Amino acid sequence: MASVRQSKRVRIEKPSLSMLQQDLIALSGKHPPLTALKHIIRRMRLATKKDIEDFQNWSPLVLAILMCTRFGSNENIFRDLILELVEVCHAKGVSLDAGDRCVATGEVLERPLVLAAHYGDHQVVEKLLFLGASPDCANGE
């Protein structure tokens, strides 16, 4: 009987981004914004507690808000999806004050509440505040 050789390879992951973060970021570039946002919501609903812990103060909300503000023709559809993503993130325990360093904004740490206010999305601002986002959280460090 032949013996089975076990591989000694060790999978090395980038410590800076979790696998779910990498997937969510990749989704935003592979699909049209509406489809990408629906995929992000689905992935967040399926995220485990470990996935969320790996975020380390990162939030998919920044990416979603930036992605959707460029497309005003269907803004109600995007707003409804962003509101749904806010609720999913809150239910999963993602900090609503967590941010993201976006290449689009020159690597400045962006916060969901500040971005929603900047783009004049009152419903998203109200939802974030209602669910516990800090009004004192600012962009930057």
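Residues numbered from 1 in each chain as written. Predicted model: local features only at pLDDT ≥ 70, side-chain atom pairs only at ≥ 80, totals over all residues. Heavy atoms only, no water.

Peer 1: Tell me about the overall build of the protein chain, and please be specific about residues and values.
Peer 2: Within the protein chain one finds 7 helices and 2 strands. Along the chain direction, N to C, the helices and strands of the protein chain fall in the order α-α-α-α-α-β-β-α-α. When burial is assessed residue by residue, the protein chain has 39% of its 141 residues classed as buried. Considering only residue pairs separated by 6 or more positions, the protein chain has 70% of its internal contacts joining residues 24 or more positions apart. Roughly 9000 Å² of accessible area belongs to the protein chain as shown, and the carbon and sulfur atoms make up 53% of that amount. (Helix = DSSP H or I, 4+ residues; strand = E, 2+ residues; numbered from the N terminus. Buried < 20%, exposed > 50% of the residue type's maximum accessible area, 1.4 Å probe, protein only. Contact = heavy atoms within 4.5 Å. Areas by Shrake-Rupley, 256 points an atom, 1.4 Å probe, with all protein chains shown as cover.)

Peer 1: Describe in detail helix 7 (residues 122-130), supporting the description with residues and values.
Peer 2: Buried within helix 7 we find Val124, Val125 and Leu128. Angular distribution of buried residues about the axis of helix 7 spans 100 degrees; they occupy a single face of the element. Residues His122, Glu126 and Phe130 are exposed on helix 7 and point more than 90 degrees away from its buried face. In the stretch just after helix 7, glycine 132 is the one whose phi turns positive, near 115 degrees. (Arc of directions from axis to C-beta.)

Peer 1: Let's hear about the nonpolar core: which residues, and what values?
Peer 2: Counting residues in hydrophobic clusters, the biggest one holds 37 residues, and the most contacted among them are Leu37, Met44, Phe55, Ile82, Leu85 and Leu128. Counting only elements with at least two residues in this core, the list comes to helix 1 (19-30), helix 2 (33-46), helix 4 (60-69), helix 5 (75-92), helix 6 (112-118) and helix 7. (Core = buried A, V, L, I, M, F, W, Y, C linked by side-chain atoms within 4.5 Å.)

Peer 1: Before we move on, can you summarise the packing of helix 5 against helix 7 with the specific residues and values?
Peer 2: Remark: helix 5 packs on helix 7, axes separated minimally by 10 Å, with the N-to-C direction vectors making an angle of 10 degrees. Classified by the angle between their axes, helix 5 and helix 7 sit roughly parallel to one another. Seen from helix 5, the contacting residues are Arg79, Ile82, Leu83, Val86 and Glu87; seen from helix 7, they are Gln123, Val124, Lys127 and Leu128. The residue inventory of the contact of helix 5 with helix 7, partitioned by class, reads 5 nonpolar, 1 polar and 3 charged. (Axes fitted to C-alpha atoms, helices over the stretch in contact; angles between N-to-C directions. Parallel < 35°, antiparallel > 145°, perpendicular 65-115°, else oblique. Nonpolar A, V, L, I, M, F, W, Y, C, P; charged D, E, K, R; others polar.)

Peer 1: Give a description of the environment of glycine 99 that names residues and reports values.
Peer 2: As for its position among the elements, glycine 99 is in the loop between helix 5 and strand 1 (100-102). Along the sequence, glycine 99 and valine 114 sit 15 residues apart, while their C-alpha atoms lie 9.9 Å from each other. Contact partners of glycine 99, with chain neighbours within four places excluded, come to Asn57, Trp58, Ser59, Val62, Leu109, Glu110 and Arg111.

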